[in-house]
Amino acid sequence: MANQPAQKFKIGLITATVWQNDGFYSIDLSRSYKTDTGEWRNTGSFHHSDLLNLAKCAERAEIWIGRQISAK
């Protein structure tokens, strides 16, 4: 079975995926987009208009990780 993310935060097309790795957390930030054929894909490249949602997702991930660490 593949590793599952510890948590995900999504705003619009932006997603922050939180992973727990041997006692520490890491985050993948991505933007979803639809190809010309209608297939959904993800990228690590962002438009200027994505930046506010990117920052909000990163902030939510940071708060969630902080709560996990302080609960230990």
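Residues numbered from 1 in each chain as written. Predicted model: local features only at pLDDT ≥ 70, side-chain atom pairs only at ≥ 80, totals over all residues. Heavy atoms only, no water.

1. Describing the pairing of strand β4 (residues 40–43)
A regular strand places its side chains on the two faces of the sheet in alternate fashion. Judged from the four bridges that link them, strand β3 (residues 24–34) and β4 form a sheet pairing that is antiparallel. Bridge pairing in β4 places Lys-34 opposite Trp-40. Taking the residues between adjacent antiparallel strands as the criterion, β3 and β4 are bridged by five residues, where Gly-38 takes a positive phi near 90 degrees. (Pairing = 2+ DSSP bridges. Helix = DSSP H or I, 4+ residues; strand = E, 2+ residues; numbered from the N terminus.)

2. Some words on the pattern of salt bridges
Using the criterion set out here, one finds two salt bridges in the structure. Asp-50 is the partner of Arg-31 in a salt bridge, and the nearest nitrogen-oxygen pair spans 3.0 Å. You can see Arg-31 sitting in strand β3 and its partner Asp-50 sitting in the loop between β4 and α1 (51–70), a full 19 residues away along the chain. Accessibility classification places Arg-31 together with Asp-50 in one group, the buried group. Here Glu-39 makes a salt bridge to Arg-41, at a shortest N to O gap of 3.3 Å. For Glu-39, a relative accessible area of 39% corresponds to the partly exposed category. (Salt bridge = Lys/Arg side-chain N within 4 Å of Asp/Glu carboxyl O. Buried < 20%, exposed > 50% of the residue type's maximum accessible area, 1.4 Å probe, protein only.)

3. Observations concerning the environment of His-47
The topology assignment puts His-47 in the loop between β4 and α1. It is 9.1 Å that separates the C-alpha atoms of His-47 and Arg-31, two residues lying 16 residues apart in sequence.

4. As for the sheet that holds strand β1 (residues 7–11)
Sheet architecture is open: four strands sit in the order β1-β2-β3-β4, paired in antiparallel fashion. Sheet topology places β1 and β4 at the edges, where each strand pairs with a single neighbour. Neighbour to neighbour, the strand axes of the sheet diverge by 30 degrees on average, direction disregarded. The pairing of β1 with strand β2 (residues 14–21) spans five bridges and is antiparallel. By the bridge assignment for β2, Ile-11 is matched with Ile-14. Relative to the sheet, α1 contacts β1, β2 and β3, its axis offset from that of β1 by approximately 155 degrees. (Axes fitted to C-alpha atoms, helices over the stretch in contact; angles between N-to-C directions. Contact = heavy atoms within 4.5 Å.)

Distances and angles like these do not, on their own, reveal function.
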